[in-house]
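Examining the three-dimensional arrangement
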Amino acid sequence: MRAPGSELPILFEGVSVEANTVRILSDVSLALAAGMPTVLIGPNGSGKTTLLRLAMGLLAPSAGRVTWGGRDRTDGRRLAMVSQRPVMLRRSTFANVTYALGAAGAAWRGRGTRARGLLAQAGLLTQSDRSARRLSGGEQQRLALARALARDPEVLCLDEPTASLDPANTRAVEEIVTTIAASGVKVVMATHDLGQARRLAGEVVLLVGGLVCERSPASQFFSDPATSEAAAFLRGDLVI
Amino acid sequence: MVEETSALGLVLGGDPALYEIVRLSLAVSLSATALAALVALPLGAYLALVDFPGRPFVIVVLNAFMGLPPVVVGLAAFLLLSRSGPLGFLGILFTPRAMVFAQALLVIPIIAALTRQTIEDLWTEYRDELTAMRVAPMPRVATLIWDARFSLVTVLLAGFGRAAAEVGTVMIVGGNIDGFTRTMTTAIALETSKGDLALAMGLGIVLITLIVLVNAAAWSIRRIGEIHAG
């Protein structure tokens, strides 16, 4: 049970998005509720990132509506997002986190302590004083997670957060995501990586060409997909 | 050869007249750059971040004004500050204050245009992150200015370089009065016309040295910034 003012569930009702006459999402109806991570899979251009941006309230639908906990608007205070290539602010690792805490409205006095806690959680405490832009790709992704957690999010949207990482860094990021999800944060993640979807997903949403082709619990999706597109995607066929 | 030796003698010997000119030149140009920065940094940031009707036109005009002829700026400043002009009540014509005012007019477009470009480039880079973090407009501007600070120092030094090197503007509104409004550039022009090449060359040496030092400082600040802040 969520407190009043909760962002969940995030409901998409007949949502379509068009940009320059190109339809990116078509008549999507979907509910993102509290619980296990929801993983969005699908080929490039299927609308995964657009769906995440809608969930974050960063994009308005061309048709249909999105609601957060029954409300038509969100102030986004408890929504956070990490993109595939997060931009590091031109500051130290530590200052990147304190900045995010400040943006989230955290009191000035406690920011240092909280920032150190978040950096420890991301395994970056020893890198506190380094320029964030000089961190490796995996470290930057973990720092982006720490910044996102500074918002004390109820919903964390991840847009292919390990797409450019090696297996060791992918594992490090996945461990943090698993811990975050276990703490009650709703994780919504887009990925191309079926192995990652198997490891992390509680439910899977398959998007193809801007349409939701299938939505089912992860165990069912991987063992007994309901649609031919899902079956083809799992076989590794080219789904366009 | 004699002239070069005399010029070096004036510089190394700490000639009081020469160093008074250098002091006034630095004071005027630094003050003008600071005054221009107060107007141009917010103006550049505003143009970078706020869309409004006619914005492209304003940007084109601002960029064009980077190449304003100093004598034209000097003339405009003279008309503004002259007794019958709208700012004539200030009574600062033919004083160092008038030179500061005129140089600031000259430098504002340079600082504003380069600031706009710097902030706009950084905003393109930061937009998604700051939007996702829900950073409000004013803190957003502060963030961009702070994170672009090393580039903006270079912008300010470009403005300072322009102010320190110009001659026409300060000649018109300052009058090149000995011991009062004479700067390095106006003194070089005057001494050359009088045939006192030693003093002109001495001032030239100091001016070039200052410009090299300013550029070295800009490079160092930027390099240190890249190492520590990325």
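Not measured: the values here are computed from a predicted model.

Some details on the domain arrangement of chain A
Residue and element names in this part refer to chain A.
- Each domain of chain A was delimited in the assignment, giving domain 1 (14-78 + 153-240) and domain 2 (88-152).
- The distance between the C-alpha centroids of domain 1 and domain 2 comes to 25 Å.
- Contacts between the two partners involve 15 residues from domain 1, matched on the other side by 12 residues from domain 2.
- Of all residues in domain 1, Arg77, Pro153 and Ile176 bury the most surface against domain 2, accounting for 39% of the area lost on that side.
- For the pair domain 1 and domain 2, the number of links is one salt bridge.
- Counting the contacts that link domain 1 with domain 2 gives three residue pairs in polar contact (both at pLDDT 80 or more).
- Within the residue set of the side of domain 1 that touches domain 2, elements represented by two or more residues are β6 (155-159) and α5 (167-182).
- Per-class residue counts for the side of domain 1 that touches domain 2 are 10 nonpolar, two polar and three charged.

Quick notes on the interface of chain B and chain A
- On the chain A side, the residues contacting the 23 residues of chain B number 23 residues.
- Between chain B and chain A the total buried area reaches about 1900 Å² when both faces are included, carbon and sulfur atoms providing 47% of it.
- In terms of surface lost to chain A, no three residues of chain B exceed Glu129, Met133 and Arg134 of chain B, which account for 35% of the buried area on that side.
- The partner of Glu125 of chain B in a salt bridge is Arg90 of chain A, and the shortest N-O contact between them spans 3.6 Å.
- Scanning the region where chain B abuts chain A turns up nine residue pairs in polar contact (both at pLDDT 80 or more).
- Mapped by element, the contributors of at least two residues to the side of chain B that touches chain A are α5 (96-132), α6 (137-147), α7 (149-165) and α10 (197-229) of chain B.
- It is α5 of chain B that provides the largest number of residues to the side of chain B that touches chain A, a total of eight residues.
- Here the side of chain B that touches chain A is built from residues that sort into 11 nonpolar, five polar and seven charged.

Some remarks on the packing of α5 of chain B against α6 of chain B
All names here are of chain B.
- Running from amino to carboxyl end, α5 crosses α6 at an angle of 125°, the nearest separation of the two axes being 10 Å. With respect to each other, α5 and α6 are oriented oblique. Both α5 and α6 take part in a crossing whose hand is right-handed. Judged by residue contacts, Ile119, Leu122, Trp123, Tyr126 and Leu130 of α5 engage Arg140, Thr143, Leu144, Ile145 and Asp147 from α6.
- Each residue belonging to the contact of α5 with α6 can be placed in one class, and the counts come to seven nonpolar, one polar and two charged.

The rules behind these values
Residues numbered from 1 in each chain as written. Chains lettered and ligands numbered in written order. Predicted model: local features only at pLDDT ≥ 70, side-chain atom pairs only at ≥ 80, totals over all residues. Heavy atoms only, no water. Domains from an automatic or database assignment. Contact = heavy atoms within 4.5 Å. Buried area = accessible area lost by both parts, 1.4 Å probe. Salt bridge = Lys/Arg side-chain N within 4 Å of Asp/Glu carboxyl O. Polar contact = N/O pair within 3.5 Å; in protein donor to acceptor, adjacent residues only side chain to side chain. Helix = DSSP H or I, 4+ residues; strand = E, 2+ residues; numbered from the N terminus. Nonpolar A, V, L, I, M, F, W, Y, C, P; charged D, E, K, R; others polar. Axes fitted to C-alpha atoms, helices over the stretch in contact; angles between N-to-C directions. Parallel < 35°, antiparallel > 145°, perpendicular 65-115°, else oblique. Left-handed = near helix turned anticlockwise from the far one by under 90°.

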